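# Descriptive structure summary
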Amino acid sequence: MDFKSYKLTSNPFIQQPSPTLFWSPSHREAWQNLVEGIERRQSFIFILGQSGLGATALYRAYIHQANPQQLTALHDIDITVDWRDLLVTLLWSCGLNGATDNVRVLTEKLRQALHRAYQQGRQTVLLIDEAHALPTQALHNLSLLS
């Protein structure tokens, strides 16, 4: 395929270490909202669109360009698990042990880890792809961490 005739420098249909995006006006707006929302430490930022329109590519592009010294991006998290297992996964992603069945202890441990990171000038961002599939209770529980 002649990618140059479409003003592309590479094949956009293969997985690449650095995601290449087709920057339509709506992609640029979504990117700007994502970046500004994270910089302003907004609790929740939603990028919604039909499957295949590029939300996942935007998340991956953001993760790729983020400075790992300043930001911890928690991503590729299985959001279909129960709240306790989600807390354990988030703690593990932060490099912490979640070896307890007590949800309150897990929640407090994660909250303290997020607060420590904040005090050190680091930002922790949970990027949930397909968040529309989250049960209402899971969204409520996540809001308790914000």
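If you're wondering where the values come from, they're calculated on a predicted model, not measured in any experiment.

Quick look at the overall build of the chain now. Counting its secondary structure elements, the chain contains 5 helices and 2 strands. Starting at the N terminus and walking to the C terminus, you meet the elements of the chain as α-α-β-α-α-β-α. In the chain, buried positions account for 29% of the 146 residues. When the accessible surface of the chain is split by element, carbon and sulfur atoms take 52% of a total near 10,100 Å².

Of the residues in the chain, 88% reach a pLDDT of 70 or more, and the chain-wide mean stands at 81. Helix α5 (residues 136-145) is the least confidently modelled element of the chain, averaging 79 in pLDDT, while helix α4 (residues 103-119) averages 90, the highest of any element.

The next point concerns the packing of helix α1 (residues 25-39) against helix α2 (residues 55-65). Direction vectors running N to C along α1 and α2 enclose 50°, while the axes themselves pass 11 Å from each other. With respect to α2, the axis of α1 lies oblique. Crossing of α1 over α2 shows right-handed handedness. Across the interface between the two elements, H27, A30, W31, L34, V35 and I38 from α1 touch L58, A61, Y62 and Q65 from α2.

In this structure, the second largest pocket encloses a volume near 220 Å³. Forming the walls of the second largest pocket are 13 residues, and the residues nearest its centre are Y62, N67, Q70, L71 and Q123. With 3 residues, the top contributor of residues to the lining of the second largest pocket is α1. Each residue belonging to the lining of the second largest pocket can be placed in one class, and the counts come to 5 nonpolar, 5 polar and 3 charged.

Side chains of strand β2 (residues 123-126) alternate between two faces, with Q123 and V125 buried and T124 and L126 left unburied. Direction of pairing for strand β1 (residues 71-74) relative to β2: parallel, over a ladder of 4 bridges. Across the sheet, residue T72 finds its bridge partner in β2, namely T124.

Here the focus is a nonpolar patch on the surface. Nonpolar side chains collect at one region of the surface, where F44, F46, L48 and L139 lie side by side and expose about 410 Å² of accessible area between them. Its place among the elements puts L48 in the loop between α1 and α2.

A word on the packing of helix α3 (residues 83-93) against α4. Put simply, α3 and α4 touch, their axes get as near as 10 Å, and they point 30° apart. Here α3 lies roughly parallel to α4, going by the angle between them. Crossing of α3 against α4: the hand is left-handed. Between α3 and α4, the residues in contact are W83, R84, L87, V88, L90 and L91 and V103, L106, T107, K109 and L110, respectively. Residue composition of the contact of α3 with α4, grouped by class: 8 nonpolar, 1 polar and 2 charged.

A few words now on the side chain of T107. Position of T107 among the secondary structure elements: in helix α4. A residue is classified by how much of its surface remains accessible, and T107, at 11% relative accessible area, is buried.

Thresholds applied
- Residues numbered from 1 in each chain as written.
- Predicted model: local features only at pLDDT ≥ 70, side-chain atom pairs only at ≥ 80, totals over all residues.
- Heavy atoms only, no water.
- Helix = DSSP H or I, 4+ residues; strand = E, 2+ residues; numbered from the N terminus.
- Buried < 20%, exposed > 50% of the residue type's maximum accessible area, 1.4 Å probe, protein only.
- Areas by Shrake-Rupley, 256 points an atom, 1.4 Å probe, with all protein chains shown as cover.
- pLDDT = per-residue confidence, 0-100.
- Axes fitted to C-alpha atoms, helices over the stretch in contact; angles between N-to-C directions.
- Parallel < 35°, antiparallel > 145°, perpendicular 65-115°, else oblique.
- Left-handed = near helix turned anticlockwise from the far one by under 90°.
- Contact = heavy atoms within 4.5 Å.
- 1 Å grid on protein atoms, 1.4 Å probe; cavity = no way out; pocket = protein on both sides within 12 Å on 5 of 7 lines; lining within 4 Å.
- Points joined across faces, edges and corners; volume = space filled by probe spheres on them.
- Nonpolar A, V, L, I, M, F, W, Y, C, P; charged D, E, K, R; others polar.
- Pairing = 2+ DSSP bridges.
- Patch = residues over 30% accessible without salt bridge, like charges linked within 9 Å, V, L, I, M, F, W, Y side chains within 5 Å.
- Salt bridge = Lys/Arg side-chain N within 4 Å of Asp/Glu carboxyl O.

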